Amino acid sequence: MTAVLATSRCGSSKVSKDLGIQLYTVRNEVSKDLANTLKEVAAAGYKNIELYGYNNRQFFGKPVSEMAALLKQNNLYTKSGHYGLNDFLYNADYNWDSWKYLVEDANLLGNKYIIVPYLDDKHRTADDYKRVAERLNKGGEMAREAGMVAGYHNHDFELKDLGGQSGWDILLAGTDPKNVVFEMDIYWVEYAGQKPGDWFKKHPGRWKLWHVKDMEAKTAGDEKGQTCEVGKGIINWKEIFAQHELAGLEYPLVEQEQYTRPVFECIRMSADYMKS
């Protein structure tokens, strides 16, 4: 059964036709009323919810089983989640207990990918990235026994030079593609002045998930634009999506962090663009 599960969850590189969204997009609404927020997200046309907020084996104070039930009630599912385990990332003598629990919980939810979302600014040296690569490799191997793999989500700091190589270079070179995939946040790659396609060519097939997050042409008081509704910014999505096979894309996920209109209106606008 484990072998069948691994094949069904991890054996295909076909792009999902269901709309996906990172739940952090509606974080303020989640904090007010999680159940209603999920209802609104479903009404906007989304099916695949990338979770965040995991803490002490709960989401927003709710047991994992209750979170799974809420998703099911709204005809939603989750193929990935953002899981920031500080002990896993930073402790020199890590005992792997929290990762074992995470694998159990992610499996219960139906996740395919367990994504590490962030490194704090005190842990971004070359040695830090090497340690994280080792942890991701072992964590991904443990997850694979349950039909999942580990993954890593970027911001812009992973692309900064660390003496001839970047943090991304270290992570990509130091991880086994069988155990570790990458979730490319398109906005942050563009923000760093780089092109997603260059990374697709350099490491084909490893970019199983994307954060489809658009960028304003200019934001007052900032040299670079903040996020906006997909299709309303300057990122060339048609050009990027034309390279989805090279990238290995399976799950594109809408995300937005700043808003100039009500957030549920924003996610509907992004959904309409993605459908078109």
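Calculation criteria
Residues numbered from 1 in each chain as written. Predicted model: local features only at pLDDT ≥ 70, side-chain atom pairs only at ≥ 80, totals over all residues. Heavy atoms only, no water. Helix = DSSP H or I, 4+ residues; strand = E, 2+ residues; numbered from the N terminus. Rg over C-alpha atoms; globule rule 2.2 N^0.38 Å. Buried < 20%, exposed > 50% of the residue type's maximum accessible area, 1.4 Å probe, protein only. Contact = heavy atoms within 4.5 Å. Areas by Shrake-Rupley, 256 points an atom, 1.4 Å probe, with all protein chains shown as cover. Lys, Arg positive; Asp, Glu negative; His and termini not counted. Charge placed at Lys NZ, Arg CZ, Asp CG, Glu CD. Phe/Tyr/Trp six-rings, centres within 6.5 Å; stacked < 30°, edge-to-face > 60°. Lys NZ or Arg CZ within 6 Å of the ring centre and 35° of its normal. Pairing = 2+ DSSP bridges. Axes fitted to C-alpha atoms, helices over the stretch in contact; angles between N-to-C directions. Salt bridge = Lys/Arg side-chain N within 4 Å of Asp/Glu carboxyl O.

**Some details on the overall build of the chain**
Link 1 in the chain: Helix and strand content of the chain: 13 helices and 13 strands.
Link 2 in the chain: Expected size for 276 residues packed as a compact globule is a radius of gyration near 19 Å; at 18 Å, the chain falls within 12% of this value.
Link 3 in the chain: Each principal axis of the C-alpha distribution contributes one length, and for the chain these read about 45 × 45 × 35 Å.
Link 4 in the chain: The buried share of the chain, taken over its 276 residues, is 53%.
Link 5 in the chain: Restricting the contact set of the chain to residue pairs at least 6 apart, pairs at least 24 apart contribute 78%.
Link 6 in the chain: Working note: accessible area of the chain is about 12,600 Å², and carbon and sulfur atoms make up 47% of it.
Link 7 in the chain: Measuring between centres, the 35 positive side-chain charges of the chain sit 4 Å from its 39 negative side-chain charges.

**Quick word on the packing of aromatic side chains**
Link 1 in the chain: Counted according to the given criterion, the structure contains 23 aromatic pairs.
Link 2 in the chain: Ring geometry for F59 and F60: centres 6.5 Å apart, planes at 50°, overall tilted.
Link 3 in the chain: Relative accessible area serves as the criterion here: at 0%, F59 is assigned to the buried category.
Link 4 in the chain: Assessed through its relative accessible area of 32%, F60 is described here as partly exposed.
Link 5 in the chain: Judged by centre distance (5.7 Å) and plane angle (55°), the ring pair of F182 and W207 falls under tilted. Residue F182 is found in strand β9 (residues 180-185), and its partner W207 is found in the loop between α10 (196-202) and β10 (209-212); the two are separated by 25 residues along the sequence.
Link 6 in the chain: For F182, a relative accessible area of 0% puts it in the buried group.
Link 7 in the chain: Chaining the aromatic ring pairs together yields one cluster made of W168, F182, W199, F200, W207, W210, W237 and F241.
Link 8 in the chain: For R124, the ring lying beneath its charged end belongs to F157, and the centroid distance is 3.5 Å.
Link 9 in the chain: Looking at K224, its charged tip hangs above the ring of Y191, at a distance of 4.8 Å from the centre.

**Some remarks on the sheet that holds β9**
One key point about sheets: their strands pair by backbone hydrogen bonds, in either a parallel or an antiparallel sense.
Link 1 in the chain: Taken in spatial order, the eight strands make up an open sheet running β2-β1-β13-β10-β9-β8-β7-β6, and their pairing is parallel. Every interior strand has two partners, whereas the edge strands, β2 (46-50) and β6 (80-82), have only one. On average, each strand axis in the sheet is tilted by 30° relative to the strand beside it, whichever way the strands run.
Link 2 in the chain: Of the strands in this sheet, β7 (113-116), β8 (149-153) and β9 are in contact with helix α7 (residues 126-144), which crosses β8 at around 145°.

**Comments concerning the pattern of salt bridges**
Link 1 in the chain: Inspection of the entire model under this criterion finds 13 salt bridges.
Link 2 in the chain: Close ionic contact of D169 with K202 constitutes a salt bridge, the shortest N to O distance being 3.1 Å. Residue D169 is found in helix α8 (residues 167-173), and its partner K202 is found in helix α10; the two are separated by 33 residues along the sequence.
Link 3 in the chain: We note a salt bridge from K213 to E255, for which the minimum N-O separation is 3.2 Å. Taken together, the residues span a long stretch of sequence, with K213 in the loop between β10 and β11 (214-215) and E255 in the loop between β13 (251-254) and α13 (263-275) at a distance of 42 residues. Summarising the burial analysis for this pair, K213 and E255 share the class buried.
Link 4 in the chain: Linked through salt bridges whose partners overlap, the residues forming this network are D185, K213, E255 and E257.

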